[in-house]
Amino acid sequence: MTTYAALLRGINVGGNKKLPMAELRALMTGLGYGSVQTYLQSGQAAFTAAHGDAESLAAELAKAIEERFGFSVDVLVRDHAYLKAVVEACPFPAAELAAKQLHVTYLSEPVAPERYADIDPAAHLPEEFRLGDRALYLYAPDGLGRSKLAEALSRPRVHKGLIATTRNWNTVVKLVELTAGEA
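Residues numbered from 1 in each chain as written. Predicted model: local features only at pLDDT ≥ 70, side-chain atom pairs only at ≥ 80, totals over all residues. Heavy atoms only, no water.

K.L.:
Got a minute to help me understand the packing of aromatic side chains in this structure?
P.N.:
Working definition: an aromatic ring pair is given by the centre-to-centre distance plus the angle between the planes. With the rule as written, the count across this model stands at 6 aromatic pairs. With a centroid separation of 6.5 Å and an interplanar angle of 55 degrees, the aromatic rings of Tyr82 and Tyr106 are classed as tilted. A residue pair is termed long-range when its members are at least 10 positions apart, and Tyr82 in helix α3 (residues 80-88) and Tyr106 in strand β5 (residues 102-107) qualify at 24 residues. We note that Tyr82, like Tyr106, is buried. Lying over the aromatic face of Phe69, Arg68 brings its terminal NZ or CZ to 4.7 Å of the ring centre. Arg78 extends its terminal NZ or CZ atom over the ring of Tyr82, reaching a point 5.3 Å from the ring centre. (Phe/Tyr/Trp six-rings, centres within 6.5 Å; stacked < 30°, edge-to-face > 60°. Helix = DSSP H or I, 4+ residues; strand = E, 2+ residues; numbered from the N terminus. Buried < 20%, exposed > 50% of the residue type's maximum accessible area, 1.4 Å probe, protein only. Lys NZ or Arg CZ within 6 Å of the ring centre and 35° of its normal.)

See the structure below:
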């Protein structure tokens, strides 16, 4: 039995794609997942699965959500070891920063630095970003909502062909905790 986190992109934001967490938990349990827990309303769930791998579980969950709720949702599934490695590889001093200053964008596949060549890092200082394993770390000292770098990084052409979903540092750390049980 492997413990995973499902990251759903763009649900319960601005009144769009409403997906109550109790209903998500019921749906996931119905798919045969165990120990299902959700975190916040923004689309995180921890669960165990005896079948499949991260990719097939993401596809299965996305299909079930579309069938049940009538809208498509991008879903990434990551196991505990990966989530823990993302935290451990953080290139910024996470312990010294407020959680609202540090974010991770989880990516569906590895990316090359060339994808971000049109973004001038010096033009966005003191904001910074670094690439990791299917992850992009963003330091935004004034928070994500005011970040010009986050705006540049979220342009559709930058992550074209990828699923990309961002979480603040509190959520990044909580996902490690939630998936630690039966890793």
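Next comes the rest of the description.
K.L.:
Which parts of the structure should I look at to understand the environment of Pro156?
P.N.:
Residue placement: Pro156 occurs in the loop between α4 (148-153) and β8 (164-168). Separated by 123 residues in sequence, Pro156 and Tyr33 place their C-alpha atoms 33 Å apart.

K.L.:
What is the right way to read the environment of Val173 from this model?
P.N.:
Locating Val173 in the fold gives a position in helix α5 (residues 169-179). Judged by relative accessible area, Val173 falls into the partly exposed class, the value being 27%.

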